[in-house]
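Residue strings, one per chain:
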Amino acid sequence: TPNLAARLQALAAPGQVVVAEATRRLLGAGFLLDDLGVQALKGIEGSVGAFAVTGERVLASRFEGRATGLQPMVGRDQELALLMERWNQAEAGEGQAVLLVGEAGVGKSRISRGLLDALAERPHTRIRYQCSPYHTGSALWPAIQQLEHAAGFAAGDPLETRLDKLEAALGGGSHGEATALIAGLLGLDGTARYGALELAPAVLRARTLDALVRQLLQLAAARPVLLLIEDAHWADPTTLELIEAWLDAIATERVLLVLTSRPDNQPALAAHPHVTRLSLNRLGRAGVEAIVARLGGDRLPPATVDAIIARTDGVPLYVEELTKAVLESGDTAVPASLHDSLMARLDRVPEVKEVAQIAACIGREFDHALLAAVADRPPAELTAALDKLATAELVFRRGTPPDARYTFKHALVRDAAYESLLKSRRQMIHRDVYGVLRGVPEIASADALAIHAAGAGLFMDAAGHGLDAGRHALARWAVHEAAQHLRRALEHLGRVPAGADRDALELELQRSLAPALLAALGYSADETGKAYARTADLARAAHQPATAAQAQFGSFLFHNVRGDLDTASDVGRKMLEAAEADAGSLAMAHRVLGTCAFFTGEFELAARHLDDAAAHLATSLVAPTASQYVFDPAIGMAVFSSLALLALGQLTRAEALQVQARSLAEAGDHVATTAFVHHHGCFFAMASARPDVVQTLAAEMLQLAERERLSIWLATGRIYQGWSAAFTRGDEDAVRIIDDGLARWRATGARLWLPVYLALRADALIALRRQREAAVSLAQARDLATETPDRHFVSEIHRRMAVVHLATGDRDAAERALVLARQLAAEQRAMLYRLRATRDLARLRADQGERQQARDLLAPVYGWFTEGLGTPDLVEAKALLDELH
């Protein structure tokens, strides 16, 4: 930067040039240099390596730029032809999508403009989304900006006027829930006009996305639609989810969706069947010469044109900016870098440069009114400076002052102006912007306040606003965006000195981050576990036992799903000790201990703990909630009670609790709880020998997990989907589906349930008559159930091993496996599993001619049951007894 250059030159001897490390790299082997060592320069952050230029070498180096922007349409005929071909298909009702991928400055925006120009005379609707690096954590920010622009909102518009404009933009006819949802997305209170939207955050989010999808389809029904999404590498996660939903919906619609993206962070959409990936490469010499000529460079000396070609390396933006700098300066010497060329243009108009620098601190986009409040210049002077910036094509303007909105031509232009400021001056401007924004809370988003507070060095304030942004995202179930805001806030807080206020704010940040990470990454992710552990430590230090208990429950989930049941049980015991006489805390402690006992195969102990949990919950004056404990506590207790009672053979009560849990989940409409109930419902139905029920529940769980991006439930949904496919349809693809689910499950760090899932994989292999592979899976399941405390399914694993032995003709091994399965079930008081092992052993004995012994074996076990006599296992056992008469 000019500032750095001035500081370095102060080190130089008369007639000598001193350069920094970055310039030394650009010079390469072209010059002789003396290393002056590392220097500490006033006004420059950090240490700087300095080098004195002592002579020139014969060799010269090539220039490497780093810029992006709108380029002249040169050398892109083939790419434009492909886009037009896809448009023709879309126009005929075959929806298409194209992902334009290219490095910064290579011409993505220009080819998009070329497509718009080519379609100018053809009837169509165009929608443009512009993603922003400043809003990667703001859910649906591009959609909000596009809708506000399409509606023509003006500063000072009252609510009713804005609603009228929104309705007009969305088309005529009645305006019901969809309009209310979109109004809510834009921050407009439509309650008086459309009625209240009393929806849970997750449901509100899902329906808003659905409304945006339906809006696109309605437009396409009227006439073809070109939907252009620029800079998709900066899209927030919810916008990416919306794009994927659009891709799924446009197969038979008149829609062409065009996305532009850099290759290093392109959205994972290229594999979608509707997407064509189109890479833009650098231009050759002819293309570069064409750009230079178009800008008037045909008047330049050939040597200068050669230098431009050599230094720009075929990147169109570099060519454009470098050529403009040469033409404007009247100097035939080409600047050493693109950054210098941009700053040289600003330096020639000082008043414009300072305005650009202030605007750069606001961001890539900035409002005239905000800039005016910060710049403190006479209105005419400010407008004139902005006019010059727009004329020079350094910024683009929409609207007229004072309601105008500006955008730097490219991030590089903004970065060049921003980086040219001293750190102290940047902080001062950020502080001014922050002060203005705090005075107008109706237009200042929490994430914008956080950015400017951090830029001003007000890191405590930045962390506080980051907390607000994270909580706002969580309320809309935008869990990925919430995690981004809260992580960044913790980074800011890391720069704040220790103290009580800092610790209190960190506690709030961690207790919000932990559930966001749990939903976004899964229970067993390392980051999730660390967030819950830190929350618990901070809560105990702050003497907040209720918050500590909630964090401990999160820690229990972390250790439990990782298969570390000993540590999970220790957490439960500590919760019980800390609960004292508080009924709600006692309920959750017993819930934890009951769950751990279930997984270790201590089913009677599990049932007692869970009965105690339900009893304490019933007497709690302030009942624990789903928002505090991840899932609805009452539903969680009912679910695990049903699983323990199922194993114990209390089948009617177990089924009743399952039905109760499902009904409560449907009524509560809490995403995490619903997914939890579906998963455990799949296990319950599988253990009850009802593959048709598993198939239905797995399909519902997968739909929910895909919509909400719940990685852990997506994994288990795939496992149960594959298992049911093997039994209900004999699907040859069943094992591949299960393997996909297992890979996803392990990728989250989870180890719990693995003995069960490997046994289910073996079930599918047995159904497909792939016995040897089934034996391998069962051996892995047996080893896991032996080596780890997760033993609740161990009897069923050995019973399945007997099935494989029988299929391969080894009756002795089958009998030994069934005797062991029966013994293990008896030790666990697992009467349902004991019945199954006994039934299979009795059938084996009967086949060997020992019918009376078989009957004597089965009759007392069957006679123990007084409920659930119509369930598949008991019906089958009764049928076998009848045969043995």
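Peer 1: So, the overall build of the protein chain: which residues are in play, and what are the values?
Peer 2: Helix and strand counts for the protein chain come out as 42 helices and eleven strands. Its C-alpha atoms give the protein chain principal-axis dimensions of roughly 110 × 70 × 60 Å. Put simply, the protein chain has 885 residues, and 54% of those count as buried. Taking the intrachain contacts of the protein chain between residues at least 6 apart in sequence as the baseline, contacts between residues at least 24 apart amount to 67%.

Peer 1: Let's hear about helix 5 (residues 141–151): which residues, and what values?
Peer 2: Taken residue by residue, helix 5 has Trp141, Pro142, Ala143, Ile144, Gln146, Leu147 and Ala151 as its buried positions. Among the structural elements, strand 5 (125–130), helix 6 (159–170), helix 7 (177–185), helix 9 (201–222), helix 10 (237–249) and strand 9 (365–367) are those in contact with the buried residues of helix 5. Just beyond helix 5, the residue with positive phi is Gly152, at close to 75°.

Peer 1: Could you give an account of the pattern of salt bridges, naming the residues involved and the relevant values?
Peer 2: Within the structure shown, the criterion is met by 55 salt bridges. Three or more residues are tied together by salt bridges with common partners; here these are Asp763, Glu796, Arg799, Arg800, Arg836, Arg839, Asp840, Arg843, Asp873 and Glu876.

Peer 1: Now, about the environment of His272: what can you tell me, with residues and values included?
Peer 2: With respect to the helices and strands, His272 occurs in the loop between strand 7 (255–261) and strand 8 (275–279). Sequence separation between His272 and Asp248 is 24 residues; the distance between their C-alpha atoms is 8.7 Å. Discounting chain neighbours no more than four positions away, the residues touching His272 are Leu247 and Asp248. For His272, the side chain forms a polar contact with the side chain of Asp248, separated by 2.8 Å.

Peer 1: Please give an account of the packing of aromatic side chains that cites residues and values.
Peer 2: Applying the stated criterion to the full structure yields 22 aromatic pairs. Consider the rings of Tyr523 and Trp713, whose centres lie 5.8 Å apart with planes at 80°: the pair is edge-to-face. In this pair, Tyr523 is assigned in the loop between helix 23 (500–521) and helix 24 (526–541) and Trp713 in helix 34 (residues 711–728), connecting sequence segments 190 residues apart. Like Trp713, Tyr523 is buried. Each ring, one from Phe793 and one from Tyr833, has its centre 6.1 Å from the other, and the planes form 85°; the classification is edge-to-face. Placement of Phe793 in the loop between helix 37 (771–787) and helix 38 (794–807) and of Tyr833 in helix 40 (residues 831–847) is noted, with a sequence separation of 40 residues between them. Comparing Phe793 with Tyr833, the two get one shared label, buried.

Peer 1: Describe in detail the sheet that holds strand 9, supporting the description with residues and values.
Peer 2: On the basis of which strands lie adjacent, the open sheet formed by three strands has the order 9-11-10 and antiparallel pairing. Edge positions in the open sheet fall to strand 9 and strand 10 (395–398), since each of these has one partner strand only. When the angles between neighbouring strand axes are averaged without regard to direction, this sheet yields 25°. Summarising the sheet, strand 9 and strand 11 (residues 405–408) pair through three bridges and their orientation is antiparallel. Across the sheet, residue Asp367 finds its bridge partner in strand 11, namely Arg405. This element, helix 17 (residues 379–391), spans strand 9, strand 10 and strand 11 of the sheet and lies at about 115° to strand 10.

Peer 1: So what's going on with helix 37? Which residues, and what values?
Peer 2: The end-to-end C-alpha distance of helix 37, which contains 17 residues, comes to 24 Å, matching closely the 24 Å that a straight helix rising 1.5 Å per residue would cover. If you check which residues of helix 37 are buried, you get Gln771, Ala774, Ser777, Leu778, Ala781, Leu784 and Ala785. Summarising the axial view, the buried residues of helix 37 lie within an arc of 140°, below the 170-degree limit, and thus occupy one face. The exposed set on the far side of helix 37, more than 90 degrees from its buried face, consists of Arg772, Thr786 and Glu787. If you follow the buried residues of helix 37, they end up packed against helix 36 (754–767) and helix 38.

Peer 1: Just give me the short version of unusual backbone geometry, but keep the residues and values in it.
Peer 2: The omega angle of the peptide bond from Pro401 to Pro402 is 5°, so this bond is cis rather than trans. Note on placement: Pro402 falls in the loop between strand 10 and strand 11. You will see that Leu140, though not glycine, has its phi angle at about 60°, which is positive. In this structure, Leu140 sits in the loop between strand 5 and helix 5.

Peer 1: Please give an account of the nonpolar core that cites residues and values.
Peer 2: Residues Leu371, Phe598, Phe683, Trp753 and Tyr833 are the most contacted members of the largest nonpolar core, which totals 179 residues. Setting aside its immediate chain neighbours within four residues, Leu371 contacts Val355, Ile358, Ala359, Ile362, Phe366, Leu382 and Leu386. Ranked by size, the runner-up nonpolar core spans 44 residues in total, among them Ala211, Leu227, Ile250 and Val255.

Peer 1: Summarise the side chain of Ser132; cite the residues concerned and give the values.
Peer 2: For Ser132, the position within the fold is in the loop between strand 5 and helix 5. In this structure Ser132 touches Trp141 and Trp234, once residues within four positions along its chain are discounted.

Peer 1: Any chance you could break down the sheet that holds strand 7 for me, citing the residues and the numbers?
Peer 2: On the basis of which strands lie adjacent, the open sheet formed by five strands has the order 5-6-7-4-8 and parallel pairing. The sheet terminates laterally at strand 5 and strand 8, the two strands that pair on one side only. Here the strands of the sheet are splayed against their neighbours by 15° on average, with no regard to which way each runs. Relative to strand 7, strand 6 (residues 225–230) is paired through five bridges, and the arrangement is parallel. Residue Ile229 lies in a different strand from strand 7, and its bridge partner there is Leu259. Helix-sheet contacts for helix 10 involve strand 4 (96–101), strand 5, strand 6, strand 7 and strand 8, and the interaxial angle to strand 7 is about 145°.

Peer 1: Run through the environment of Thr748, naming residues and quoting values.
Peer 2: Here Thr748 lies in the loop between helix 35 (734–747) and helix 36. Ignoring sequence-local partners within four residues, the contact set of Thr748 consists of Leu521, Ser524, Ala525 and Ser711. Here the side chain of Thr748 touches Ala750 through a polar contact of 3.4 Å, landing on its backbone nitrogen.

Peer 1: Account for the confidence of the model for the protein chain, with residues named and values stated.
Peer 2: Averaged over the protein chain, the pLDDT score is 88; the fraction of residues at 70 or greater is 93%. Under a pLDDT of 50 for its full length, residues 58–71 has, in the predicted model, 53 contacts with residues more than four places off or in other chains. Low pLDDT, under 50, characterises residues 332–337; the predicted model gives this stretch 18 contacts beyond four residues in sequence or across chains.

Peer 1: Pulling in residues and values, what's your account of the packing of helix 23 against helix 24?
Peer 2: Look at helix 23 against helix 24: their axes get within 8 Å of each other, and the N-to-C directions meet at 150°. Classified by the angle their axes make, helix 23 and helix 24 are roughly antiparallel. Once helix 23 is placed against helix 24, the crossing between them reads as left-handed. Contacts between helix 23 and helix 24 pair Asp503, Glu506, Leu507, Gln510, Arg511, Ala514, Pro515, Leu517, Leu518 and Leu521 from the former with Glu527, Thr528, Ala531, Tyr532, Arg534, Thr535, Leu538 and Ala539 from the latter. Of the residues that constitute the contact of helix 23 with helix 24, the class distribution is ten nonpolar, three polar and five charged.

Criteria and cut-off values
- Residues numbered from 1 in each chain as written.
- Predicted model: local features only at pLDDT ≥ 70, side-chain atom pairs only at ≥ 80, totals over all residues.
- Heavy atoms only, no water.
- Helix = DSSP H or I, 4+ residues; strand = E, 2+ residues; numbered from the N terminus.
- Buried < 20%, exposed > 50% of the residue type's maximum accessible area, 1.4 Å probe, protein only.
- Contact = heavy atoms within 4.5 Å.
- Salt bridge = Lys/Arg side-chain N within 4 Å of Asp/Glu carboxyl O.
- Polar contact = N/O pair within 3.5 Å; in protein donor to acceptor, adjacent residues only side chain to side chain.
- Phe/Tyr/Trp six-rings, centres within 6.5 Å; stacked < 30°, edge-to-face > 60°.
- Pairing = 2+ DSSP bridges.
- Axes fitted to C-alpha atoms, helices over the stretch in contact; angles between N-to-C directions.
- Expected span 1.5 Å × (residues − 1).
- Arc of directions from axis to C-beta.
- Core = buried A, V, L, I, M, F, W, Y, C linked by side-chain atoms within 4.5 Å.
- pLDDT = per-residue confidence, 0-100.
- Parallel < 35°, antiparallel > 145°, perpendicular 65-115°, else oblique.
- Left-handed = near helix turned anticlockwise from the far one by under 90°.
- Nonpolar A, V, L, I, M, F, W, Y, C, P; charged D, E, K, R; others polar.

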